[in-house]
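Chains, contacts and geometry: an overview
Take a look at the letters that make up each chain.
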Amino acid sequence: MKTISLLGSTGSIGRQSLEVISSLGWGVAALTANRNVELLEAQCRRYRPRLAVCMDLAAAETLKIKLADTEVRVLSGMEGLLEAAVTEADVVLTAVMGMVGLRPTLAALTLGRRVALANKETLVCAGELVMATAKAHGAQLLPVDSEHSAIFQCLQGCRDRGEVKRLILTASGGPFFGRTRAEMEAMTVSDALKHPNWSMGAKITVDSATMMNKGLEVIEAMRLYELPLEKISVVIHRESIIHSLVEYCDNAILAQLGTPDMRLPIQYALTWPERTPGPAAPLDLLCCKDLTFRAPDEENFPCLALAKGAAAIGGTATAVLNGANEVAVGKFLTGEVGFMDIPRLVERAMNAVRPVQAPSLDDILAADTEARAAAAS
Ligand code: NDP
Ligand code: MG
C-alpha cells in the first residue's frame, strides 16, 4: 500500500486529496493544518496517520488533548511541518496556503521524495532553487494546479522541450471579468469570493478575482517547464473546460479538457505515469456550453502585468511580488483595504525592495520579510 503525507489537509485541496486517497486505497502517514482542530481531529480518527501537525501552537496543544486516546503523535510550528515533510511516505502533497510551504517542499525534495505540489507560492518565490533541489536529489516534482497538470499531460510523449513553441494557460477571468478599475474599487469581500467555476480557499479565490492567480501561474509555469516568459501566454476561457494547452513547433496545439474538478489533477500527480479510475466527474461534451477565448485585460487587471514584470526582473522580485500579495489579500479579507488596493500595495513593495539575482534561500526569505513589511506599512 502506498502512503502519503498531506500538508494542508483541512483546506480545499487537502479535503479533495483525502477523497482521492480514499478512492485509491492509499494510507496516510501525516496530516497538517494551521488551526482547524475540529476537522484535523476528525481526519486523524478516520485516516490514522502517525503524525498530525498544527502550525499554531495553541491549536496543537488542543489537538494533543483531543487525540490522547490514539497513537497519533502531535507536533506544532515549522518544526512539525518539516517533520511531516520528511516522515516516511511515498508522496508528499503540499496543499498549504502561501510561502510557508517552501521549506517543507525543499526538505521532502532533498530526501528524493515525490512531491505533488498544489502550493504555487513555493515555486513563485523560489522556483529555481526548488527545481535545482529536485534535480540534485533525483526527486519528482509533479504539478497539482489544474493548468500546470494540463500542460504536464499535454507534454507526455514530448521528448525534446525545444519542440514546444508556447504554453497557453487558460484563465476563467474570475467574478469581475469585463469590469473596469472604477467598478472594482467598490467590490466587497463577498463579491470577490464568488468564483464562477471553482470552489477554493479564500486567498486563491481573491487571487483569481484580481487575476494575480494567473500571474503567479505564469511564473509557476516558467519554473516547472523551464521556459522563458515569452513562451507563456494567457487566454481567457470563461467556461474552465480546457485547462491549458501546449503549442508545438509544427503548430499542433494539444489541450486537456475536463469538468472543473481538482480531484483529477490531484490524482494524476499521485498515480503518474499511470491513470486509474477516480472520483472526478466525467465531462459530457454534448452538454458543454460554447468554448470561448479572449485576450486578458491587463489594463483593468494590473496584477497580471505586475506578475509578468516581476518574472522579467527575476531573482527575488517574484518573492517580493508574492509576499506583498499575501499581505495585501489578507488585509482585503479582513476589510482593512479595498479590492484595488491589492495591486497598489504589491506595486509599492516591488518599488521599495531591491531585487537580488541568483538568490540563496536566505535571500528569498529576507526578500519575503521585507516585502511583507513594505506592503503592511
Ligand atoms: P485553503 O485556504 O482552503 O487551505 C489551506 C490549508 O493550509 C489549510 O489546511 C490550512 O489550515 C493550512 N494553512 C493555512 N495557513 C497556514 C500556515 N500559516 N501554516 C501552515 N498551514 C497553513 O487553501 P486551498 O486548498 O484553496 O489552497 C492551497 C494551495 O493550493 C494554495 O497554494 C493554492 O494557491 C493552491 N491551489 C488551490 C486550488 C484550489 O482549487 N483550491 C487550485 C490550485 C492551486 P487551516 O484549515 O487550519 O487554516
Ligand atoms: Mg490554477
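Provided above is the structure to which this section pertains.
The notes below deal with the structure included here. All values reported here derive from a predicted model rather than from experimental measurement. (Residues numbered from 1 in each chain as written. Chains lettered and ligands numbered in written order. Predicted model: local features only at pLDDT ≥ 70, side-chain atom pairs only at ≥ 80, totals over all residues. Heavy atoms only, no water.)

Observations regarding empty space enclosed by the protein
Considering all chains together, one arrives at 2 cavities of 30 Å³ or more under this definition. Each pocket or cavity is described by its volume, and for the largest cavity that value is around 90 Å³. Taken together, 13 residues line the largest cavity, and the ones lying closest to its centre are His-243, Gln-256, Asp-261, Leu-264 and Pro-265. Broken down by secondary-structure element, the contributors of at least two residues to the lining of the largest cavity are helix H7 (146-154) and helix H12 (263-271). Here the lining of the largest cavity is built from residues that sort into 5 nonpolar, 7 polar and 1 charged. Approximately 40 Å³ is the volume found for the second largest cavity. Tallied by class, residues from the lining of the second largest cavity come to 7 nonpolar, 2 polar and no charged. (1 Å grid on protein atoms, 1.4 Å probe; cavity = no way out; pocket = protein on both sides within 12 Å on 5 of 7 lines; lining within 4 Å. Points joined across faces, edges and corners; volume = space filled by probe spheres on them. Helix = DSSP H or I, 4+ residues; strand = E, 2+ residues; numbered from the N terminus. Nonpolar A, V, L, I, M, F, W, Y, C, P; charged D, E, K, R; others polar.)

So, the nonpolar core
One finds Leu-93, Leu-141, Leu-167, Tyr-225, Leu-270, Leu-321 and Phe-339 to be the most contacted residues of the largest nonpolar core, which totals 124 residues. Non-local contacts of Tyr-225, meaning those with residues more than four positions away in its chain, are made with Pro-143, His-148, Ile-151, Phe-152, Leu-155, Arg-161 and Leu-167. (Core = buried A, V, L, I, M, F, W, Y, C linked by side-chain atoms within 4.5 Å. Buried < 20%, exposed > 50% of the residue type's maximum accessible area, 1.4 Å probe, protein only. Contact = heavy atoms within 4.5 Å.)

Details of the site of ligand 1
Within the structure, ligand 1 sits among 24 residues, and Thr-10, Arg-35, Asn-36, Glu-121 and Gly-201 are positioned closest to it. Between an oxygen atom of ligand 1 and a main-chain N or O atom of Asn-34, the distance comes to 2.9 Å. Coverage of ligand 1 by the protein amounts to 86% of the 890 Å² it exposes when considered alone. Of all the elements in the fold, those that place two or more residues in the shell around ligand 1 are helix H1 (12-24) and helix H6 (120-136). Looking at the shell around ligand 1, its residues break down into 11 nonpolar, 9 polar and 4 charged. (Near = heavy atom within 4 Å. Polar contact = N/O pair within 3.5 Å; in protein donor to acceptor, adjacent residues only side chain to side chain. Areas by Shrake-Rupley, 256 points an atom, 1.4 Å probe, with all protein chains shown as cover.)

Overview of the packing of aromatic side chains
Here the structure, examined in full by the defined rule, presents 4 aromatic pairs. Centre to centre, the rings of Phe-176 and Phe-339 are 4.9 Å apart; their planes meet at 90 degrees, and the pair counts as edge-to-face. One end of the pair, Phe-176, is in the loop between strand S8 (164-171) and helix H8 (181-185); the other, Phe-339, is in the loop between helix H14 (317-333) and helix H15 (341-352), and 163 residues separate them in sequence. Judged by relative accessible area, which is 1%, Phe-339 ranks as buried. Site record: aromatic cluster; members linked through ring pairs are Phe-152, Tyr-268 and Trp-272. (Phe/Tyr/Trp six-rings, centres within 6.5 Å; stacked < 30°, edge-to-face > 60°.)

Topic: the pairing of strand S10 (residues 242-248)
Most of S10 sits out of view: 7 of its 7 residues are buried. Sheet topology note: the S8/S10 ladder contains 4 bridges and is antiparallel. Paired with Ile-168 across the bridge in S10 is Leu-245. What sits between the antiparallel neighbours S10 and strand S11 (residues 253-257) is a turn of 4 residues, in which Asn-251 has the positive phi angle 75 degrees. (Pairing = 2+ DSSP bridges.)

A look at the environment of Lys-64
Here Lys-64 shows up in helix H3 (residues 57-66). For Lys-64, a relative accessible area of 41% puts it in the partly exposed group. Distance from Lys-64 to Val-37, taken between C-alpha atoms, is 9.8 Å for residues 27 residues apart in sequence.

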